[in-house]
Amino acid sequence: MLFNKSISQIHDMLVNREISATELTKYYLKRINHYDKQLQSFIHLDEDKALEYALKAEQMFADNSYTPLTGIPVGMKDLFVTKDMPTTCGSKMLKGYMSPFNSTLVERFLSAGGVMVGKNNMDEFAMGSSNETSYYGECRNPWNTEYVPGGSSGGSASCVAARIATASIGTDTGGSIRQPASFCGVTGIKPTYGRISRYGMVAFASSLDQAGPIAPSAEDCAILLNHLSGFDKMDSTSSRMEKPDFTSGLNKSLEGLTIGIPEEFFSDQLDKRCAALIDEAKKELTALGAQFRSIHLPNLKYSVATYYVIAPCEASSNLSRFDGVRYGHRSEQSETLEEMYVNSRTEGFGEEVKRRIIVGTFALSSGYYDDYYQKAQKIRQVIRNDYLTAFRDVDVILCPSTPGTAFKIGEKIDDPISMYLADIFTISANLAGLPALSMPIGFIDELPYGLQLVGDRFCEKQLLQVAHQYQQVTQWHNKHPEEFGEIA
Ligand code: GLN
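Residues numbered from 1 in each chain as written. Predicted model: local features only at pLDDT ≥ 70, side-chain atom pairs only at ≥ 80, totals over all residues. Heavy atoms only, no water.

Points about the overall build of the protein
Within the protein, the secondary structure is distributed over 15 helices and eleven strands. Scaling as 2.2 N^0.38, a compact globule of 488 residues should have a C-alpha radius of gyration of about 23 Å, and the protein matches this with 21 Å. Along the first, second and third principal axes, the C-alpha set of the protein runs to 65 × 55 × 45 Å. For the protein, long-range pairs separated by at least 24 residues make up 76% of all intrachain contacts whose partners lie at least 6 apart in sequence. On the protein, roughly 18,500 Å² of surface is accessible, and the fraction owed to carbon and sulfur atoms is 49%. Averaging the positions of the 47 positive and the 59 negative side-chain charges in the protein gives two centres separated by 4 Å. (Helix = DSSP H or I, 4+ residues; strand = E, 2+ residues; numbered from the N terminus. Rg over C-alpha atoms; globule rule 2.2 N^0.38 Å. Contact = heavy atoms within 4.5 Å. Areas by Shrake-Rupley, 256 points an atom, 1.4 Å probe, with all protein chains shown as cover. Lys, Arg positive; Asp, Glu negative; His and termini not counted. Charge placed at Lys NZ, Arg CZ, Asp CG, Glu CD.)

What follows is the structure in structure tokens.
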């Protein structure tokens with residue numbers, strides 16, 4: 001089945017002229033057209049543009065300037081600005097918005113010859129854990145369409161799980177790559193903060209946002225990372241750290257590697273069936289040569305509270321640019337300038353976004369700034385120190401990606417706190433700026449479940465190596481939902 005081939009297998013087929021980039025793109029467009037009505041994993045599909053990119057890819061094969069990404073059809077979360085396609089960020093506020101430029105990530109992807117097929121559904125302004133806050137309709141989990149795909153990069157994870165795109169690029173501010181990857185049974189990595197340029201990513205919480213790939217396997221993610229990461233002078237927080245070849249080292253044995261198990265993450269609160277799957281995965285890793293050591297991250301219990309001060313504060317500031325004047329929705333009901341600001345924002349933003357703006361504005365207001373924002377920044381440092389201390393003794397940290405498998409659509413949407421807790425295991429890596437990956441390790445009641453690996457700063461290669469070695473001896477990453485089979 002073509003749709004279950006890895007990026008490197010497809011690449012070989014393209015190089016050997018077994019299939020052309022145009023044929024491949026048409027094949028995926030057909031799958032999207034056939035299956036995406038059920039999933040709503042794309043907000044915008046652009047067949048003409050996709051075929052244009054495919055033609056450019058064919059040219060690159062013809063003149064031998066191709067890369068491992070050339071001709072590969074990929075989805076793009078709808079918060080990377082794109083010159084050729086609208087960028088909505090899942091919001092009414094940006095309905096129909098056309099950016100005058102491409103984000104750096106998109107630019108790099110396209111110059112490597114990648115085929116962007118469309119823009120993926122997401123929670124509004126990347127705020128959410130279920131993709132239900134999208135103005136363009138909720139996206140669904142292909143393993144069971146009554147369940148959420150996770151969020152905010154829900155469309156990205158859903159389209160990859162259904163194999164209607166080979167991969168997708170998402171973003172992760174508090175877990176939005178890893179949590180949907182876990183819910184949809186795919187692999188996703190949030191790199192170290194600064195690894196991938198944020199230029200042209202619609203900002204949510206600037207000190208936490210980081211883009212990264214979602215794909216079936218760690219190897220696919222490594223190939224994508226090679227082309228997306230690296231210094232960018234347009235992003236002042238972009239790292240000058242040398243970019244390694246993320247695919248080299250994938251085949252290195254795990255012999256001698258020490259993996260830390262944070263006691264705090266394996267309390268009685270973790271679902272027994274999740275704990276059992278993690279134990280199985282640990283056995284596989286032990287057989288591959290890894291050693292385990294128990295560690296403590298005592299301040300991680302403050303992560304969610306800390307995040308829900310810092311992220312809304314930064315969001316309230318970032319979202320102040322949407323005023324009805326410069327970008328996006330402008331209310332037509334207004335008599336005065338003041339009314340125009342208020343009405344444009346009232347009409348353009350959804351409920352969750354407004355909640356964040358109110359919390360953030362409150363916490364940043366004079367008199368409260370020291371009590372909330374500054375205090376949260378201090379705790380953030382303490383959490384980071386916990387990790388740095390742990391990495392003196394271990395190479396990688398292993399923990400759950402999520403407290404359980406996907407939940408039902410509608411189950412948590414009226415209960416923000418329980419929604420926020422869906423990210424309890426992922427948020428600390430963003431606060432500490434560390435790379436972290438989620439990979440599928442099994443099923444509970446026919447829904448997939450993921451394991452998280454957290455690494456030291458700029459040690460993405462080690463995470464990819466562990467995941468790749470695991471995926472060499474297991475098949476979870478190759479599982480795909482039967483209903484989304486080959487189209488006759
Ligand atoms: N679910 C978290 C939130 O709602 C994280 C979102 C994200 O990583 N973009 O803020």
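Some points on the pattern of salt bridges
Scanning the entire structure with this criterion turns up 14 salt bridges. Measuring nitrogen to oxygen at the nearest pair gives 3.7 Å for the salt bridge that ties Arg 198 to Asp 235. In this pair, Arg 198 is assigned in the loop between strand E5 (187-190) and strand E6 (210-215) and Asp 235 in the loop between helix H7 (218-228) and strand E7 (258-262), connecting sequence segments 37 residues apart. Of the two residues, Arg 198 and Asp 235, both sit in the buried class. Of the charged contacts, one joins Asp 271 and Arg 273 as a salt bridge, the two residues approaching to 3.8 Å between their closest N and O atoms. The network of salt bridges with common partners includes Glu 351, Glu 352, Arg 355 and Arg 356. (Salt bridge = Lys/Arg side-chain N within 4 Å of Asp/Glu carboxyl O. Buried < 20%, exposed > 50% of the residue type's maximum accessible area, 1.4 Å probe, protein only.)

Looking at the packing of aromatic side chains
Taken as a whole, this structure holds 21 aromatic pairs when the rule is applied. Geometrically, the ring pair formed by Phe 362 and Tyr 372 is tilted, given 5.8 Å between the ring centres and 50° between the ring planes. Taken together, the positions of Phe 362 in helix H11 (residues 351-364) and Tyr 372 in helix H12 (residues 370-390) put the pair ten residues apart, joining distant regions of the chain. A residue is classified by how much of its surface remains accessible, and Phe 362, at 40% relative accessible area, is partly exposed. With a relative accessible area of 34%, Tyr 372 lands in the partly exposed category. (Phe/Tyr/Trp six-rings, centres within 6.5 Å; stacked < 30°, edge-to-face > 60°.)

Quick look at a nonpolar patch on the surface
Taken together, the side chains of Val 325, Leu 337, Tyr 341 and Val 342 make up a nonpolar region of the molecular surface, amounting to roughly 340 Å² of accessible area. Position of Val 342 relative to the elements: it lies in helix H10 (residues 337-348). Look at Val 342 and you get partly exposed, because its relative accessible area is 43%. (Patch = residues over 30% accessible without salt bridge, like charges linked within 9 Å, V, L, I, M, F, W, Y side chains within 5 Å.)

Quick notes on the environment of Arg 240
Structurally, Arg 240 can be placed in the loop between H7 and E7. For Arg 240, a relative accessible area of 69% puts it in the exposed group.

Some points on the site of the ligand
Near the ligand lie 15 residues; those nearest to it are Thr 173, Gly 174, Ser 176, Tyr 307 and Asp 423. Measuring from an oxygen atom of the ligand, one finds a backbone N or O atom of Thr 173 at 2.7 Å. In isolation the ligand has 290 Å² of accessible area, and contact with the protein removes 100% of it. In terms of residue class, the shell around the ligand is made up of five nonpolar, seven polar and three charged. (Near = heavy atom within 4 Å. Polar contact = N/O pair within 3.5 Å; in protein donor to acceptor, adjacent residues only side chain to side chain. Nonpolar A, V, L, I, M, F, W, Y, C, P; charged D, E, K, R; others polar.)

Let's talk about the sheet that holds E5
Pairing is mixed across the open sheet formed by eleven strands, whose spatial order is E1-E3-E2-E4-E6-E5-E10-E11-E9-E7-E8. The open sheet has two free edges, formed respectively by strand E1 (42-45) and strand E8 (291-295), since each of these has just one partner strand. Averaged over neighbouring strand pairs, the angle between their axes works out to 30° when direction is ignored. Pairing of strand E4 (residues 167-172) with E6, which is carried by five bridges, proceeds in the antiparallel orientation. (Pairing = 2+ DSSP bridges. Axes fitted to C-alpha atoms, helices over the stretch in contact; angles between N-to-C directions.)

Examining the environment of Val 466
Take Val 466: it is sitting in helix H15 (residues 460-473). Val 466 gets classed as buried once you look at its relative accessible area, which sits at 0%. Residues Val 466 and Cys 139 lie 327 residues apart in sequence; the distance between their C-alpha atoms is 31 Å. With near-sequence residues (within four places) excluded, Val 466 lies in contact with Leu 254, Leu 257, Leu 285, Val 396 and Leu 453.

A closer look at the nonpolar core
Within the largest apolar cluster, 149 residues are counted, with the highest numbers of intra-cluster contacts made by Phe 125, Tyr 387, Leu 453 and Leu 464. Ignoring anything within four residues of it in the chain, the contact list for Tyr 387 reads Leu 297, Leu 300, Ile 397, Ser 428, Ala 429, Ala 432, Leu 434 and Val 454. (Core = buried A, V, L, I, M, F, W, Y, C linked by side-chain atoms within 4.5 Å.)

What to know about helix H9 (residues 303-318)
The terminal C-alpha atoms of H9, which comprises 16 residues, lie 22 Å apart, in line with the 22 Å expected from a rise of 1.5 Å per residue. Counting buried positions along H9 yields 14 of 16 residues, so the element is predominantly enclosed. (Expected span 1.5 Å × (residues − 1).)

Concerning helix H4 (residues 104-111)
Listed in full, the buried residues belonging to H4 are Thr 104, Leu 105, Val 106, Phe 109 and Leu 110. The inward-facing, buried residues of H4 contact helix H3 (47-62), strand E2 (73-77), strand E3 (115-120), E4, E6 and H7. Downstream of H4 by a residue or two, Gly 113 has a phi angle that is positive, lying close to 90°.

What to know about the pairing of strand E10 (residues 436-444)
Along E10, eight of the nine residues are buried, which leaves the element largely enclosed by surrounding structure. Here E5 pairs with E10 via three bridges, running antiparallel. Each residue of the ladder has a partner; that of Ile 189, found in E10, is Leu 437. In the sheet, E10 pairs with strand E11 (residues 447-455) via eight bridges, with the strands oriented antiparallel. Considered in E11, the bridge of Ala 436 is made with Val 454. Hairpin connection, E10 to E11: the antiparallel pair is bridged by two residues, and Asp 445 has positive phi, about 50°.

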